[in-house]
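Each chain, letter by letter, is given below.
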Amino acid sequence: MKQTMGAAIGLALAAVLAASPVCAEQARSNLSRAAVFLAAADYRHAVEMCQKEVEEAPSVESYVFLTYVYHALNGYLDHLAKTEQWVKVEQLYVNLAFHDVDALTDPPGILARMAKEIIYESAGRQADVTAAMAARLDEATTNRLWKQQTAWRAARPDSWWSGPPPEWKW
């Protein structure tokens, strides 16, 4: 009898847990997470989410979105350099270079201007690669999406890198 009641309670509990709503964070898509990371200038996580989108749902759009994040990273770097915000360049380098608590005891010893050049060149090369992949999949869609992002950049010259064009509905 006790075993039967225990099994029944266990089944009831399992049913309740299975029917409970999914945590909002888990329900977010890779791209909606990437948009939040872009707004926070957390480019490492934005790149990771777009890479995950490419892996889980490969398409011309996912490659263009990843390319856009690389371009946004370089746009942000340009903005920081033009406004001489070198401490933020160093912070960006730390964000990109370190993934765990080792960064607390072994901080980077790189100059901000060097960090800017290293990041800028690397992100530019990655953007070129993913843009070529997108064009190989569907050049017409790639061109359409780039026209949208070009208009977005023109409309927001001092902050376009903080999020994707609204037409992309991340």
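Because the structure is predicted, anything quoted here is derived from the model rather than measured.

**A look at the packing of aromatic side chains**
In this structure the tally under the stated criterion is 7 aromatic pairs. Plain terms: the ring middles of Phe 65 and Trp 168 are 4.9 Å apart, the flat faces sit at 40° to each other, and that makes the pair tilted. Highlighted residues: Phe 65 in helix 5 (residues 60–82) and Trp 168 in the segment after helix 9 (139–155), separated in sequence by 103 residues. The exposure classification of Phe 65 matches that of Trp 168, with both residues buried. Ring pairing ties together the aromatic residues Phe 65, Tyr 68, Trp 160, Trp 161, Trp 168 and Trp 170, which thus form one cluster. In this structure, Lys 116 is placed above the aromatic ring of Tyr 120, and the distance from its NZ or CZ to the ring centre is 4.6 Å. Over the aromatic face of Trp 160 sits the side chain of Arg 153, whose NZ or CZ is 4.0 Å from the ring centroid.

**Let's talk about the pattern of salt bridges**
Where charged atoms of side chains with opposite charge meet at close range, the side chains can pair. Summed over all chains, the structure comprises 3 salt bridges. A salt bridge links Arg 44 to Glu 48; its shortest N-O distance comes to 3.5 Å. With Arg 44 and Glu 48 both in helix 4 (residues 43–56) and 4 residues apart, the pair spans about one turn of that helix. Since its relative accessible area comes to 27%, Glu 48 is described here as partly exposed.

**Details of the environment of Tyr 63**
Among the structural elements, Tyr 63 can be located in helix 5. Other than its neighbours up to four places away in sequence, Tyr 63 contacts Val 54, Thr 130, Met 133, Ala 134 and Leu 137.

**Describing unusual backbone geometry**
Phi at Ala 41 takes a positive value of approximately 60°, unusual for a residue other than glycine. In this structure, Glu 84 is a non-glycine residue whose phi angle is positive, near 50°. With respect to the helices and strands, the residue Glu 84 is situated in the loop between helix 5 and helix 6 (86–97). A residue is classified by how much of its surface remains accessible, and Glu 84, at 58% relative accessible area, is exposed.

What counts as what
Residues numbered from 1 in each chain as written. Predicted model: local features only at pLDDT ≥ 70, side-chain atom pairs only at ≥ 80, totals over all residues. Heavy atoms only, no water. Phe/Tyr/Trp six-rings, centres within 6.5 Å; stacked < 30°, edge-to-face > 60°. Helix = DSSP H or I, 4+ residues; strand = E, 2+ residues; numbered from the N terminus. Buried < 20%, exposed > 50% of the residue type's maximum accessible area, 1.4 Å probe, protein only. Lys NZ or Arg CZ within 6 Å of the ring centre and 35° of its normal. Salt bridge = Lys/Arg side-chain N within 4 Å of Asp/Glu carboxyl O. Contact = heavy atoms within 4.5 Å.

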